[in-house]
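Breakdown of the fold
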Amino acid sequence: MENTCFQLAPRGRCAGQLDPPGDKSMSHRAIMLASLAQGTSEIGGLLASEDCLATLEAFRNMGVQVHWLAPGRIRVHGAGLHGLQAPDTVLDMGNSGTAMRLLAGVLCGQTFASTLSGDASLNARPMQRIAEPLQAMGADIRLCAAGTAPLEIRPGTTLHGIDYVLPVASAQVKSCLLLAGLYAEGRTCITEPVRCRDHTENMLRAFSCALEFADQRVCLQGGTELKATEIDIPGDLSAAAFFIVGALVSPDSQLTVKNVGINPTRAGVIEILRLMGARIDIRNERNYGEEPVADLVVTSSPLHGIEIPRNLVVDAIDEFPALFIASACAKGTTELSGAEELRTKESDRIRTMVSGLCSLGIRAEEKPDGVTITGGRFGGGTVDSGGDHRVAMAFAMASLAASGTITVTGTEAVATSFPGFVDTATQLGLAFE
Ligand code: S3P
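Residues numbered from 1 in each chain as written. Predicted model: local features only at pLDDT ≥ 70, side-chain atom pairs only at ≥ 80, totals over all residues. Heavy atoms only, no water.

**Describing the overall build of the protein chain**
Counting secondary structure elements, the protein chain contains 12 helices and 22 strands. Whereas a compact globule of 433 residues would reach a radius of gyration of roughly 22 Å, the protein chain reaches 21 Å, a difference of no more than 12%. Principal axes of the C-alpha set define a box for the protein chain whose edges measure 60 × 45 × 45 Å. Split into buried and exposed, the 433 residues of the protein chain put 60% on the buried side. (Helix = DSSP H or I, 4+ residues; strand = E, 2+ residues; numbered from the N terminus. Rg over C-alpha atoms; globule rule 2.2 N^0.38 Å. Buried < 20%, exposed > 50% of the residue type's maximum accessible area, 1.4 Å probe, protein only.)

What follows is the structure, encoded as structure tokens:
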């Protein structure tokens, strides 16, 4: 893949109206459940990014027919729970942890062998967290000695339901096990230590799969068939977060974010920014199916450093690159703890973000499970995104509060989650050179 970079002058703005791309987490789930359902589903608002297209391609490789009706709109002819065909190739999940971990759950229920692999970043991420409970369900899934992909899944075993307490707060692990649970004998129950995003549960219900909930425990009955439906996917708050921070830190900006998902298991970024003094108004609240949606009006605000409440960490887990940029522009010090999971993302986000902040003249220190950032003024300079899409987009926003030109290298990964990022950012006023 060709190496690309962003070069941004410090004179940009971030104002106007943002229609964020479709939610990435929900797009993966919609493709998966529509493929496994009986009947024909239509999905609107789908994110056509590299990550989601990897999921789509995997199901096409297993015989599912998908037709594009319009940009962001597909029709999926579901194969039913037992209608997938053996793929004739290794399933390449690219950069996507969600695609790999959720699909592993589905594949463990099939009567054919399969191999899941990805790019160098994905093949270095921890997979023991799914392999161990899948093996406890009876799956034959093998990984590399380092506990990483490629994952080899062999048929010939019958899955049985388990009652599992997640050792890490991970929606990907929970979702993987719920999907495997569809193929298991008996009930599968998952208890989470901290409530994680619940899009899988919401979408399973949309596909007519009954779930039982008690406290932070969810159960489903194996063998439940999914019924095709219509899904409308809200805008992605994780994608919008960069521009929300951009509008807050650039002077005299007002940004309206339209039709964005505000599921409480995802909306920690709004709460954290408000605690830092951000003006974010939530308007026009409504629902797309089970998912809450709203428009946000964001106005430039003087921010101050805070100790980020630990109970908000999971609800904002993908937004820390953007939040670190906000912290660098805030008065005083921001402390983050309890966020060691950031080290297992597309890059080690504690390390890549701290090193980028320091190279732009901001005082930032790594802790094993977080960071300490002292607000200041960004100078110009070059930042390495570490091939991490969210790090690249976060540092683009730093240009809105910088004294010199910022160059961000390794930006090709932005296409994994936000293919139109440069066009959107340019329209809102960022000054790409
Ligand atoms: C996701 C869950 C989170 C998040 C990831 C998407 C999902 O990962 O960081 O970007 O769609 O379920 P974990 O489940 O590993 O926390």
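**Description of the nonpolar core**
Ranked by internal contacts, the top residues of the largest apolar core, which has 78 residues, are F243 and L273. Looking at this core, the element that brings in the most residues is helix α7 (residues 237-249), giving 11 residues. Counting residues in each nonpolar core, the second largest holds 69 residues, with M62, I74, I141 and L151 among its members. (Core = buried A, V, L, I, M, F, W, Y, C linked by side-chain atoms within 4.5 Å.)

**Considerations on the side chain of S253**
Within the fold, S253 resides in the loop between α7 and β15 (254-261). Here the side chain of S253 touches S250 through a polar contact of 2.9 Å, side chain to side chain. Residues in contact with S253, not counting those within four places in the same chain, are R13, C14, A15, A247, V298, T299 and S300. (Polar contact = N/O pair within 3.5 Å; in protein donor to acceptor, adjacent residues only side chain to side chain. Contact = heavy atoms within 4.5 Å.)

**Some thoughts on the layout of surface pockets**
Here the largest pocket is characterised by a volume of approximately 660 Å³. Contributing elements (two or more residues each) for the lining of the largest pocket: α1 (24-36), α3 (97-107) and α5 (171-181). Each residue belonging to the lining of the largest pocket can be placed in one class, and the counts come to 11 nonpolar, 12 polar and 16 charged. Formed jointly, the lining of the largest pocket draws a minimum of three residues from each of two domains, domain 1 (5-22 + 234-428) and domain 2 (24-232). (1 Å grid on protein atoms, 1.4 Å probe; cavity = no way out; pocket = protein on both sides within 12 Å on 5 of 7 lines; lining within 4 Å. Points joined across faces, edges and corners; volume = space filled by probe spheres on them. Nonpolar A, V, L, I, M, F, W, Y, C, P; charged D, E, K, R; others polar. Domains from an automatic or database assignment.)

**Regarding the state of the cysteines**
Tallied over the full model, the rule gives one disulfide. Two residues share a disulfide in this structure: C189 and C219, whose sulfurs sit 2.2 Å from each other. When the S-S torsion is 115°, as for the bridge of C189 with C219, the disulfide is right-handed. You can see C189 sitting in strand β11 (residues 187-191) and its partner C219 sitting in strand β13 (residues 217-221), a full 30 residues away along the chain. For C189, a relative accessible area of 4% puts it in the buried group. Judged by relative accessible area, C219 falls into the buried class, the value being 3%. No disulfide involves C52; its sulfur sits 18 Å from that of C176, the nearest cysteine. With relative accessibility at 1%, the residue C52 sits in the buried group. Counting only cysteine sulfurs, C108 is the nearest neighbor of C176, a cysteine outside any disulfide, at a range of 6.8 Å. (Disulfide = S-S within 2.5 Å.)

**Topic: the environment of A30**
Along the chain, A30 turns up in helix α1. When the C-alpha positions of A30 and E42 are compared, they lie 9.3 Å apart, and in sequence the two are 12 residues distant.

**Some points on unusual backbone geometry**
Look at the link from A149 to P150: it is a cis peptide, with omega at 5°. Inspection of the secondary structure assignment puts P150 in the loop between β8 (140-142) and β9 (151-154). Unlike most non-glycine residues, D252 shows phi in positive territory, near 50°. The phi torsion at N259 lies on the positive side, around 50°, for a residue other than glycine. In this structure, N259 sits in strand β15. The class for N259 is partly exposed, based on a relative accessible area of 27%.

**Digging into the domain arrangement of the protein chain**
Split by domain assignment, the protein chain resolves into domain 1 (5-22 + 234-428) and domain 2 (24-232). With 26 residues of domain 1 in contact, the opposing surface of domain 2 contributes 26 residues. Both sides of the domain 1 and domain 2 interface together cover about 2,300 Å² of buried area, and 47% of this is carbon and sulfur. Residue R125 is joined to E346 by a salt bridge in which the shortest nitrogen-to-oxygen separation is 3.9 Å. Linking domain 1 to domain 2 there are 16 residue pairs in polar contact (both at pLDDT 80 or more). Class assignment of the residues belonging to the side of domain 1 that touches domain 2 gives a composition of nine nonpolar, seven polar and 10 charged. (Buried area = accessible area lost by both parts, 1.4 Å probe. Salt bridge = Lys/Arg side-chain N within 4 Å of Asp/Glu carboxyl O.)

**What to know about the pattern of salt bridges**
Enumeration over the complete set of coordinates arrives at 29 salt bridges. In this structure, R343 engages E366 in a salt bridge whose closest nitrogen and oxygen atoms are separated by 3.0 Å. Taken together, the residues R343 in the loop between β18 (333-336) and α10 (349-359) and E366 in strand β19 (residues 363-367) connect sequence positions 23 residues apart. Each member of the salt-bridge network shares a partner with another, and the members are R125, R197, D318, E346, R349 and D388.

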